[in-house]
Amino acid sequence: MMIINVAPFVTLSVGQVIQRILGTSKITRNDEVFFQKAIFSETPLDDEEMDQVTKVYYRLQMGLIKVAD
């Protein structure tokens, strides 16, 4: 499980961010930045995390997730 520091004293896992996105059906610019940090991290995403990211991507393409500013 990948954990990313997003602010001092705040850490989130890829799973937590994805659950929020799927629960609200919205993705924000901060989510995009989070995923960029995760992708370019020295620790690669595991298979489960990649599957979850792919699920979000497909739902975004189908219009089931809205982009919020």
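Here's a quick rundown of the structure. (Residues numbered from 1 in each chain as written. Predicted model: local features only at pLDDT ≥ 70, side-chain atom pairs only at ≥ 80, totals over all residues. Heavy atoms only, no water.)

## Some remarks on the pattern of salt bridges
Point 1. Enumeration over the complete set of coordinates arrives at two salt bridges.
Point 2. Between Asp31 and Arg20 there is a salt bridge, with the nearest N and O atoms lying 2.3 Å from each other. Here Arg20 lies in helix α1 (residues 14-24) and Asp31 lies in helix α2 (residues 29-39), a separation of 11 residues in the sequence.
Point 3. According to the relative accessible area criterion, Arg20 is partly exposed, its value standing at 39%.
Point 4. Here Arg29 ties to Glu32 by a salt bridge, and the two come within 2.8 Å at their closest N and O atoms. Placement of the pair is Arg29 and Glu32 together in helix α2, with a separation of three residues, close to one helical turn. (Salt bridge = Lys/Arg side-chain N within 4 Å of Asp/Glu carboxyl O. Helix = DSSP H or I, 4+ residues; strand = E, 2+ residues; numbered from the N terminus. Buried < 20%, exposed > 50% of the residue type's maximum accessible area, 1.4 Å probe, protein only.)

## Some words on the environment of Asp69
Point 1. With respect to the secondary-structure elements, Asp69 resides in the segment after β4 (66-68).
Point 2. Note: C-alpha distance between Asp69 and Asn30 (39 residues apart in sequence) is 8.9 Å.

## Comments concerning a negative patch on the surface
Point 1. Taken together, the side chains of Asp46, Asp47, Glu48 and Asp51 present a region of like negative charge at the surface.
Point 2. For Asp46, the position within the fold is in the loop between α2 and α3 (47-61).
Point 3. Taking the relative accessible area as the measure of exposure, Asp46 reaches 31% and is therefore partly exposed. (Patch = residues over 30% accessible without salt bridge, like charges linked within 9 Å, V, L, I, M, F, W, Y side chains within 5 Å. Areas by Shrake-Rupley, 256 points an atom, 1.4 Å probe, with all protein chains shown as cover. Lys, Arg positive; Asp, Glu negative; His and termini not counted. Charge placed at Lys NZ, Arg CZ, Asp CG, Glu CD.)

## A look at the packing of aromatic side chains
Point 1. Here the structure, examined in full by the defined rule, presents two aromatic pairs.
Point 2. Where Phe34 meets Phe35, the ring centres are 5.8 Å apart and the plane angle is 70°; that geometry is what we call edge-to-face. A single burial state applies to Phe34 and to Phe35, both of which are buried.
Point 3. Ring centres of Tyr57 and Tyr58 lie 5.9 Å apart, and the angle between their planes is 55°; this geometry places the pair in the tilted category. (Phe/Tyr/Trp six-rings, centres within 6.5 Å; stacked < 30°, edge-to-face > 60°.)

## Structural notes on the environment of Phe34
Point 1. Within the secondary structure, Phe34 is located in helix α2.
Point 2. Relative accessible area serves as the criterion here: at 3%, Phe34 is assigned to the buried category.

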